[in-house]
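Below are the chains, spelled out letter by letter.
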Amino acid sequence: QVQLVESGGGLVQAGGSLRLSCAASGRGFSKYAMGWFRQAPGKEREFVAQISWSGGNTYYADSVKGRFTISRDNAKNTVYLQMNSLKPEDTAVYSCAARTRFSGSYYGIDEYGYWGQGTQVTVSS
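Trainee: I'd like a description of the pattern of salt bridges, backed by residues and values.
Mentor: Tallied over the entire structure, the rule returns five salt bridges. A salt bridge links Asp62 to Lys65; the shortest N-O distance between them is 3.2 Å. Each of Arg38, Glu46, Arg67 and Asp90 takes part in salt bridges that share partners, so that together they form one network.

Below, the structure written as structure tokens:
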């Protein structure tokens, strides 16, 4: 079992930056690929980014590529999402998740078995 707790969300103006953190407790954090997802009001949850267990491979949604950076520190059991050049359309609840299945694609929600509660990010225009 892995418990995940996000932090770092808040209100920021367009063009600004935020850094989200996801702290994990429990066993085996370093063996999981980790993802960030987001859900805007009235929309489905969508993939944002994923990082492999070692940190050597990262994947991004086209909408955030070049602006967001995912990273991890396995010694601290934490994964990060650095968000730069934020846009109003980035407004959403951001959740981190641990990938527990490898039957589909890295961006598939069903691939992830452990989820945090989420942190709100609001970008004003």
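Trainee: Lay out unusual backbone geometry with the relevant residues and their values.
Mentor: The backbone of Asn77 sits at a positive phi, close to 55 degrees, despite the residue not being glycine. Inspection of the secondary structure assignment puts Asn77 in the loop between strand S7 (68–73) and strand S8 (78–83).

Trainee: Explain the nonpolar core residue by residue, including any values.
Mentor: By size, the foremost hydrophobic cluster in this structure holds 34 residues, and its most contacted members are Met34, Trp36, Leu81, Met83 and Tyr94. The greatest single-element share of this core, amounting to five residues, is contributed by strand S9 (residues 92–99). Sequence-distant contacts of Met34, that is, excluding residues within four places in its chain, are made with Leu4, Cys22, Phe29, Ala49, Gln50, Ile51, Ile70, Arg72, Val79, Ala97, Ala98 and Tyr112.

Trainee: Describe the environment of Asp62, and please don't skip the residues or the numbers.
Mentor: With respect to the secondary-structure elements, Asp62 resides in the loop between strand S6 (58–60) and S7. C-alpha separation for the pair Asp62 and Arg99, spaced 37 residues apart in sequence, amounts to 20 Å.

Trainee: Talk me through the environment of Ala61; I want residue IDs and the actual numbers.
Mentor: The residue Ala61 is located in the loop between S6 and S7 in this model. With 37 residues separating them in the primary sequence, Ala61 and Ala98 have C-alpha atoms 17 Å apart. Other than its neighbours up to four places away in sequence, Ala61 contacts Phe47 and Val48.

Trainee: Hey, could you go over the side chain of Ser95 for me, with residue numbers and the actual values?
Mentor: With respect to the helices, strands and loops of the structure, Ser95 is situated in strand S9. Here Ser95 falls in the buried class, since its relative accessible area comes to 4%. Once residues lying within four places of it in the same chain are set aside, the contact partners of Ser95 are Glu6, Gly35, Trp36, Phe37, Arg45, Trp115, Gly116, Gln117 and Gly118.

The rules we used
Residues numbered from 1 in each chain as written. Predicted model: local features only at pLDDT ≥ 70, side-chain atom pairs only at ≥ 80, totals over all residues. Heavy atoms only, no water. Salt bridge = Lys/Arg side-chain N within 4 Å of Asp/Glu carboxyl O. Helix = DSSP H or I, 4+ residues; strand = E, 2+ residues; numbered from the N terminus. Core = buried A, V, L, I, M, F, W, Y, C linked by side-chain atoms within 4.5 Å. Buried < 20%, exposed > 50% of the residue type's maximum accessible area, 1.4 Å probe, protein only. Contact = heavy atoms within 4.5 Å.

All we've got here are geometric facts, nothing functional implied.
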